[in-house]
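Observations on the three-dimensional arrangement
If you want the building blocks of each chain, they are given just below.
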Amino acid sequence: ERQVKSAELLQNLWRCHVARNTACAAIVQCHSSKIIQSQWRAYLASCKYRSERSSAIILQSVIRRYQTKKRSMEIHPRRSHLTMIDIDSRENEAAHNIQVYYLAWKTRKALEAVELAATTIQRAVRARLLYTSMSPQELSERKQMDAAAVLIQKLVRKRLATERMQGSQTQQGKSVVSNWDHGPFSWLFTR
């Protein structure tokens with residue numbers, strides 16, 4: 001009888017555990033679906049807001065254009081022959097000019113890129129031909145000259161960098177001194 005009660009107790013504990021896990025999964029699933037629904041509603045509201053905002057901006061633009069044209073006719077009656085169609089055609093012409101200039105710029109950049117690629121290929125081919133035509137002794141001399149050139153460039157760059165650094169440090173020192181001489185507390189540091 002004791003074993004039967006123990007078995008029943010274990011079965012009850014197991015059923016409670018399974019029921020708890022099932023309930024937790026259902027709660028998580030319900031919560032997840034609520035989050036998805038709220039995100040979807042927020043997305044739809046955002047799309048609607050953006051659409052209405054862009055419509056309002058277009059409407060404001062049209063109204064402002066009309067008001068400007070009306071004011072312009074009142075201020076300059078001789079220019080009243082310019083109609084909205086004339087203004088629109090001028091705007092279209094300006095947009096066309098911008099597009100033409102952009103396409104010309106884009107084509108020029110593409111042509112420059114092609115020319116650069118061709119020049120790079122030519123340089124590589126010439127270098128390859130030069131190195132293949134050299135004897136081993138000439139090749140070793142060339143490598144030594146290249147190494148010497150790199151060393152000279154390194155030393156020159158180092159020298160220029162140290163001079164630039166020293167110049168900036170003295171410039172900073174001068175600016176600090178001038179700030180102390182002319183700053184709000186300059187009376188503390190009288191000479």
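Described below are features of the structure shown in this document. Each residue is numbered by its place in its chain's sequence as written, counting from 1. A pLDDT threshold of at least 70 governs which residues receive local features in this predicted model, and a stricter bar of 80 or more applies before side-chain atom pairs are shown or counted, although totals over entire chains, interfaces and linings include all residues. Water and hydrogen atoms play no part in the side-chain values, which are based on all heavy atoms of the structure.

What counts as a helix is a DSSP run of H or I of at least four residues, what counts as a strand is a run of E of at least two, and both are numbered from the N terminus. Looking only at helices and strands, one finds three helices and zero strands in the protein chain. When its helices and strands are written in sequence order, the protein chain yields α-α-α. Throughout this description, buried means an accessible area under 20% of the type-specific maximum (1.4 Å probe, protein chains only), exposed means over 50%, and partly exposed covers the range between. Counting every position in the protein chain, which comprises 191 residues, the buried fraction comes to 2%. Only the protein chains shown count as covering a residue, and every accessible area follows the Shrake-Rupley method with a 1.4 Å probe. Of the roughly 17,800 Å² of accessible surface on the protein chain, 62% is carried by carbon and sulfur atoms.

Next up on the list: the pattern of salt bridges. Salt-bridge detection follows one rule: a side-chain nitrogen of Lys or Arg within 4 Å of a carboxyl oxygen of Asp or Glu. Under the counting rule described, the total for this entry stands at three salt bridges. Of the charged contacts in the structure, one is a salt bridge between Asp146 and Arg142, with a shortest N-O distance of 3.7 Å. Highlighted residues: Asp146 and Arg142, both in helix H3 (residues 136-182), separated by four residues, approximately one helical turn. With a relative accessible area of 29%, Arg142 lands in the partly exposed category. A salt bridge links Glu163 to Arg159, with the nearest nitrogen and oxygen atoms 2.8 Å apart. Taken together, the positions of Glu163 and Arg159, both in helix H3 and four residues apart, correspond to about one turn of that helix. Residue Arg159 is classed as exposed on the basis of its relative accessible area of 53%.

With that out of the way, let us pick up the packing of aromatic side chains. Whether two aromatic rings pair depends on their centres lying within 6.5 Å, for rings of Phe, Tyr and Trp, where Trp uses its six-membered ring; planes under 30 degrees apart make the pair stacked, over 60 edge-to-face, and the rest tilted. All told, the structure shown has two aromatic pairs when counted by the stated rule. Measuring from ring centre to ring centre gives 5.6 Å for Trp40 and Tyr43, while their planes differ by 35°; the resulting arrangement is tilted. On the criterion of helical spacing, the pair formed by Trp40 and Tyr43 is a turn pair, its members being three residues apart in helix H1 (residues 2-75). On the basis of relative accessible area, Tyr43 is assigned to the partly exposed category, the value being 45%.

Before going further, it helps to spend a moment on a nonpolar patch on the surface. Together, Leu9, Leu10 and Leu13 line one region of the surface with nonpolar side chains, adding up to about 330 Å² of accessible area. With respect to the element layout, Leu9 can be found in helix H1. On the basis of relative accessibility, which here comes to 52%, the residue Leu9 falls in the exposed class. Patch members must show over 30% relative accessible area and no salt bridge, and they are joined within 9 Å when carrying like charges or within 5 Å when they are nonpolar side chains of Val, Leu, Ile, Met, Phe, Trp or Tyr.

On their own, these measurements won't tell you what the molecule is for.
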